[in-house]
Structures are given as structure tokens and as C-alpha cells.
Amino acid sequence: RTETEFGLDSGDRVDVAYHLPDRSVMIEVKSRISNVVDLHRGVFQCVKYRAVKQAMDVRTDPLVEVFLVTETKIPGEIKALLKRHDIRHVQVPLDRP
């Protein structure tokens, strides 16, 4: 099941959520106008989304993966934070059909 603007029990809204039999995937999207401050916030949104979704999940030891999706390259300081917190990054092309 896929949902956009998925509501967490914390009151947060995840941009995109995939609910799979063996895991959940939470995705935070930042556009080309996002600056470093917004990207930094996006990293910690992902941290929070993973923790809250794990707490909400009734499965034993639920697997929750988180992704930060951007339209532009991210600076090294953001890459380091993503790595430290085990968050995947996907850069999508600016020009999409």
C-alpha cells in the first residue's frame, strides 16, 4: 500500500509511505529550492519518521527504511548526517516527464 501525506501518531505527515509485508518505507522530499537548513531539517525529519513509525508498528522488531529525496546534489555536511543516521539519499532529475 502506498500513501502520500501519511499521518504519524506524532502529528507529522510523511511525504510518501510504502507499507510492505516485511517493512515500511518513509520518504521525505525536498525540492530544488531547499537550502542547507531545509535539507538539515529533512535529515532529522527522517530520523523522527523512522522512530515514530517503528513505535506505531505492531510487528515484532519492525523494519522501517527512510529516504531523503532531492532534486539537487547535497552538500558534504548533509551526506555525513545521512550516513551517520543510516538514511538513504536519492537525487531525482530536475527535468522529468
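Draft legend 1. A look at helix H1 (residues 36-56). Here H1 contains 21 residues, and its C-alpha end-to-end distance of 30 Å stays within 8% of the 30 Å for a straight helix at 1.5 Å per residue. Within the span of H1, buried status applies to Asp38, Leu39, Gly42, Val43, Gln45, Cys46, Tyr49, Arg50, Val52 and Lys53. Contact partners of the buried residues in H1: strand E1 (2-7), strand E2 (13-19), strand E3 (24-30), strand E4 (64-70) and helix H2 (76-84). Put simply, Asn35 is the residue that caps the front of H1, since its side-chain oxygen is 3.1 Å from the backbone nitrogen of Val37.

Draft legend 2. Just the sheet that holds E3, in detail. Reading across from one edge, E1-E2-E3-E4-E5 is the order of the 5 strands in this open sheet, with mixed pairing throughout. One side of each edge strand has no neighbouring strand; the edge strands of this open sheet are E1 and strand E5 (88-91). This sheet shows a mean twist of 30° between the axes of neighbouring strands, independent of strand direction. Here E2 pairs with E3 via 4 bridges, running antiparallel. Looking at E3, one finds that Ala17 is bridged to Met26.

Draft legend 3. Quick peek at the pattern of salt bridges. With the rule as written, the count across this model stands at 10 salt bridges. The partner of Arg13 in a salt bridge is Glu5, and the shortest N-O contact between them spans 3.9 Å. According to the relative accessible area criterion, Arg13 is partly exposed, its value standing at 47%. Classification of Glu5 as partly exposed rests on a relative accessible area of 39%. Among the salt bridges present, the one from Lys30 reaches Glu28, with a minimum N-O distance of 3.3 Å. Glu28 carries the same exposure label as Lys30, and that label is buried. Three or more residues are tied together by salt bridges with common partners; here these are Asp22, Arg23, Glu65 and Arg88.

Draft legend 4. How the structure looks around the side chain of His19. The residue His19 is located in strand E2 in this model. Overall, His19 belongs to the buried group, its relative accessible area being 13%. Side-chain polar atoms of His19 contact the side chain of Glu3, separated by 3.1 Å.

The rules behind these values
Residues numbered from 1 in each chain as written. Predicted model: local features only at pLDDT ≥ 70, side-chain atom pairs only at ≥ 80, totals over all residues. Heavy atoms only, no water. Helix = DSSP H or I, 4+ residues; strand = E, 2+ residues; numbered from the N terminus. Expected span 1.5 Å × (residues − 1). Buried < 20%, exposed > 50% of the residue type's maximum accessible area, 1.4 Å probe, protein only. Contact = heavy atoms within 4.5 Å. Polar contact = N/O pair within 3.5 Å; in protein donor to acceptor, adjacent residues only side chain to side chain. Pairing = 2+ DSSP bridges. Axes fitted to C-alpha atoms, helices over the stretch in contact; angles between N-to-C directions. Salt bridge = Lys/Arg side-chain N within 4 Å of Asp/Glu carboxyl O.

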